[in-house]
Amino acid sequence: MSTIVYGIKNCDTIKKMKQWFATENIAYQFHDYRIDGIDLTLLETFEAALGWEAMVNKRGTTFRQLTAEQKANLNRETALQLMLEQPAMIKRPLLQHNNHYYLGFKPDQYHVIFMAK
């Protein structure tokens, strides 16, 4: 069983998720975009599984700071390029567990993912 969580360590949602993993005693690997980086190949893998629209964190500061033109012209190519340049624009956490991908953190959803037999 392999579990990797992608995100940014100072994100509040990431902190809540880490606490949940600690409470449930579940091992995982954490990949911090700012420390460990991200490349186009990995982004394209995520996009193939989740879709670029779902991956864009529209509630975050990074997205809100885009120009009106950047937002209006957002498509797969431009979104992937922006996420590559500014990984904080990727919705967090992005969970890879047993070759499946999930976005966001909801304890009930994680309970189903990790506790289902």
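Here, the structure is the one placed above.
Summary of the structure given here.

Thresholds applied
- Residues numbered from 1 in each chain as written.
- Predicted model: local features only at pLDDT ≥ 70, side-chain atom pairs only at ≥ 80, totals over all residues.
- Heavy atoms only, no water.
- Helix = DSSP H or I, 4+ residues; strand = E, 2+ residues; numbered from the N terminus.
- Buried < 20%, exposed > 50% of the residue type's maximum accessible area, 1.4 Å probe, protein only.
- Polar contact = N/O pair within 3.5 Å; in protein donor to acceptor, adjacent residues only side chain to side chain.
- Contact = heavy atoms within 4.5 Å.
- Arc of directions from axis to C-beta.
- Pairing = 2+ DSSP bridges.
- Axes fitted to C-alpha atoms, helices over the stretch in contact; angles between N-to-C directions.

### Topic: unusual backbone geometry
Going from Arg-92 to Pro-93, the amide bond is cis rather than trans, its omega being -15 degrees. Here Pro-93 shows up in the loop between α7 (76–85) and β3 (94–97). With a phi close to 50 degrees, Asn-98 is a non-glycine residue in the positive phi region. Considering the arrangement of structural elements, one finds Asn-98 in the loop between β3 and β4 (100–103). Residue classification places Asn-98 among the partly exposed residues on the basis of a relative accessible area of 35%. Phi is positive for Asn-99, which is not a glycine, with a value near 65 degrees.

### Some words on the side chain of Arg-92
With respect to the helices and strands, Arg-92 occurs in the loop between α7 and β3. A distance of 2.8 Å separates a polar atom in the side chain of Arg-92 from the backbone oxygen of Ala-88. In this structure Arg-92 touches Gly-7, Ile-8, Cys-11, Thr-13, Ile-14, Asn-57 and Gly-104, once residues within four positions along its chain are discounted.

### Some words on helix α8 (residues 107–115)
Of all the positions in α8, only Tyr-110, Ile-113 and Phe-114 are classed as buried. Down the axis of α8, the sector holding all buried residues measures 80 degrees, keeping them to one side. With respect to the buried face of α8, the exposed residues turned more than 90 degrees away are Asp-108 and Val-112. Structurally, α8 contributes buried residues whose contacts are with β1 (3–7), α1 (12–24), β3 and β4.

### Observations concerning the sheet that holds β3
The mixed open sheet is built from four strands, whose spatial order is β2-β1-β3-β4. Of all strands in the sheet, those with a lone pairing partner are β2 (29–32) and β4, marking the two edges. Put simply, the sheet's adjacent strands are angled 20 degrees from each other on average, direction ignored. Two elements, β1 and β2, share four bridges in a ladder whose sense is parallel. Bridge pairing links Gly-7 to Asp-32 in β2. Of the strands in this sheet, β1, β2 and β3 are in contact with α1, which crosses β1 at around 160 degrees.

### Details of the environment of Glu-53
Locating Glu-53 in the fold gives a position in helix α4 (residues 52–55). Separated by 35 residues in the primary sequence, Glu-53 and Ala-88 place their C-alpha atoms 15 Å from one another.

Don't take any of this as a statement about function, it's just geometry.
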